[in-house]
Amino acid sequence: MSFSNLTVMICDDSIFVRKKIKDYISSLGVKAVYEVCDGQEAIDKYMEYKPDVAFMDIVMPRKTGIEAVTEIIQMDPNAKVVMASSVGTQNHLKEALSAGAYEFLQKPISNEQIYKILEIVAKDVK
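If you're wondering where the values come from, they're calculated on a predicted model, not measured in any experiment. (Residues numbered from 1 in each chain as written. Predicted model: local features only at pLDDT ≥ 70, side-chain atom pairs only at ≥ 80, totals over all residues. Heavy atoms only, no water.)

A. A look at the environment of Met75. Structurally, Met75 can be placed in helix 3 (residues 65-75). Of the residues examined, Met75 reaches a relative accessible area of 37% and is grouped as partly exposed. Considered as a pair, Met75 and Tyr46 are 29 residues apart in the sequence and their alpha carbons are 9.4 Å apart. If near-sequence neighbours (up to four positions away) are discounted, Met75 is found in contact with Ile43 and Met47. (Helix = DSSP H or I, 4+ residues; strand = E, 2+ residues; numbered from the N terminus. Buried < 20%, exposed > 50% of the residue type's maximum accessible area, 1.4 Å probe, protein only. Contact = heavy atoms within 4.5 Å.)

Shown next as structure tokens:
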């Protein structure tokens, strides 16, 4: 499977998490990987980058991932935003999905989980 046509945005306030995900995604040959560090920046940059998929933490400064995904979905109802969290998973899962999240992953996110998401998204990208 080729991921060379994909663009991905990673939104997490942890530089370590962003780097880990970016390094893996880049190793798969993804065309472009963008990093943002909080919910407000995710909203601001989503329309600029128009990524095929965004991986987003829930607990972040300025705006939470739930607030960010809600605004992103209002701007682009077809957005594929994969939410991730390590705390309060059951409540966050419900909130994220009702806000329009494409998928929800429990942290720490594995490379296998990322690959499966990219595989599904790549089938929709021409």
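Once you've had a look at it, read on.
B. Fine view of the pattern of salt bridges. Scanning the entire structure with this criterion turns up nine salt bridges. Ionic pairing is found between Glu35 and Arg18, a salt bridge with its closest N-O pair at 3.1 Å. Of this pair, Glu35 sits in strand 2 (residues 32-36) while Arg18 sits in helix 1 (residues 15-27); the two residues are 17 residues apart in sequence, bridging distant segments of the chain. Looking at Arg18, the relative accessible area reads 10%, which means it is buried. Among the salt bridges present, the one from Arg62 reaches Asp38, with a minimum N-O distance of 3.1 Å. (Salt bridge = Lys/Arg side-chain N within 4 Å of Asp/Glu carboxyl O.)

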